[in-house]
Amino acid sequence: MNRVPFVCGNWKMHYGVSEALALADALLPMIEPLAGVEVGIAPTYTALHAVGQRVKGTKLLLSAQNCHFEAQGAYTGEISASMLKDVGCHYVIIGHSERRSLFGETDEGCAKKVAAVLKAGLLPILCVGETLAERDANQTLEVVTRQLTAGLSEVAADQAMTTVVAYEPVWAIGTGRTATPTQAQEVHAHLRKVIAGQLGAGVAEAMRLQYGGSVKAENARDLFGQPDIDGGLIGGAALKADSFAAIVKAAAAG
Ligand code: 13P
């Protein structure tokens, strides 16, 4: 199956409205001519509306970095998936390792969020990944299997095709230490096998599996060239138009 690669920039807690708009403006002419790749950007909550207006109808798909699993209610400080849809989001990142490690997110909570995102008519990007201690203890496949199986546990097979999974080894995030293409491919191939067992071979073939963790223009092509790596979730290198566009081009060419 020919999966269209998907590259998404996760801007994390960077850039207020004017800086976010400036980055989106710089990206648009670089991204618009590229074919054969889907491109997302995930600004902070406060910049979503303005950036959403700016990129409406363009190739840049608005994404959010998190949401709450309920549609509305007394949840001070939270934002629901339908509210994200309201400001023009297509995607929502769920269960990023920073949310898991710093804000206590659990596999069960992620499963509820994935279901809520789909229910609102948006697409989840479910993040999984092991810590360095887990890798050193040879627990990588066990950990990502647990996170993946739980995260997709409330997803029906007919909704699952459009769900995206991002493999982000925690030790590679923001460290400059990237998984080698072989290391990443090994985990991606495993994830696809687990998805096939859980949701069927057709879903596993269709689902995009991104790699994230110190992706740069220099290593993107080798990573995206792996058979089970369908694009990437980009942190630091997504904060500058030139470096992000170069990574997107590597996916488009691959
Ligand atoms: P870096 O690209 O900065 O390593 O971050 C990856 C990431 O966490 C994307 O979600």
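Predicted model, so just to flag it, every value in this text is computed and none were measured.

Definitions and cut-offs
Residues numbered from 1 in each chain as written. Predicted model: local features only at pLDDT ≥ 70, side-chain atom pairs only at ≥ 80, totals over all residues. Heavy atoms only, no water. Helix = DSSP H or I, 4+ residues; strand = E, 2+ residues; numbered from the N terminus. Buried < 20%, exposed > 50% of the residue type's maximum accessible area, 1.4 Å probe, protein only. Contact = heavy atoms within 4.5 Å. Near = heavy atom within 4 Å. Polar contact = N/O pair within 3.5 Å; in protein donor to acceptor, adjacent residues only side chain to side chain. Areas by Shrake-Rupley, 256 points an atom, 1.4 Å probe, with all protein chains shown as cover. Nonpolar A, V, L, I, M, F, W, Y, C, P; charged D, E, K, R; others polar. Phe/Tyr/Trp six-rings, centres within 6.5 Å; stacked < 30°, edge-to-face > 60°. Lys NZ or Arg CZ within 6 Å of the ring centre and 35° of its normal. Pairing = 2+ DSSP bridges. Right-handed = clockwise from strand over helix to strand, strands pointing away.

What am I meant to see in the environment of Ile-93 here?
With respect to the helices and strands, Ile-93 occurs in strand β4 (residues 91-94). The exposure class assigned to Ile-93 is buried, which follows from its relative accessible area of 1%. Separated by 85 residues in the primary sequence, Ile-93 and Cys-8 place their C-alpha atoms 9.7 Å from one another. If sequence neighbours within four positions are ignored, Ile-93 has contacts with Asn-10, Ala-42, Ala-64, Gln-65, Asn-66, Ile-125, Cys-127 and Leu-233.

Mind showing me how you'd approach unusual backbone geometry here?
Residues other than glycine predominantly adopt negative phi, and peptide bonds predominantly adopt the trans conformation. Phi angles above zero are rare outside glycine, and Tyr-15 is one such case at about 80°. By secondary structure assignment, the location of Tyr-15 is in the loop between β1 (6-10) and α1 (17-31). A relative accessible area of 26% means that Tyr-15 is categorised as partly exposed. Positive phi is not limited to glycine here, since Asn-138 has a value of about 60°. Mapped onto the elements, Asn-138 comes out in the loop between α6 (132-136) and α7 (140-151).

I tried to follow the site of the ligand on my own but got confused; where do I start?
Inspection of the region around the ligand gives 13 residues, with Lys-12, His-96, Gly-174, Ser-214 and Gly-236 positioned closest. A distance of 2.8 Å separates an oxygen atom of the ligand from a polar backbone atom of Gly-236. Here the ligand, which alone exposes 310 Å², has 96% of that area covered by the protein. For the shell around the ligand, the residue count by class is 4 nonpolar, 7 polar and 2 charged.

Just checking my understanding: could you explain the packing of aromatic side chains for this structure?
To describe a pair of aromatic rings, you give the distance between the ring centres and the angle between the ring planes. Counting across every chain of the model gives 3 aromatic pairs. Measuring from centroid to centroid gives 6.2 Å for Trp-11 and Tyr-15, while their planes differ by 75°, and the two rings are edge-to-face. A relative accessible area of 0% places Trp-11 in the buried class. Positioned above the aromatic ring of Phe-69 is the side chain of Lys-112, whose terminal nitrogen or guanidinium carbon lies 4.4 Å from the ring centre.

Just checking my understanding: could you explain the pairing of strand β3 (residues 60-64) for this structure?
Here is the key point about a regular strand: its side chains alternate between the two faces of the sheet. Burial runs high along β3: 5 of the 5 residues are buried. Residues Leu-60, Leu-62 and Ala-64 point to one face of β3 and Leu-61 and Ser-63 to the other, with burial holding for every one of them. Inspection of the sheet shows strand β2 (residues 38-42) paired to β3 by 3 bridges, in the parallel sense. Following the sheet pairing, Val-39 is matched in β3 by Leu-60. Regarding the hand of the β-α-β motif, the stretch spanning β2, helix α2 (residues 45-55) and β3 is right-handed. The pairing of β3 with β4 spans 2 bridges and is parallel. Paired with Ala-64 across the two strands is Val-92, which belongs to β4.

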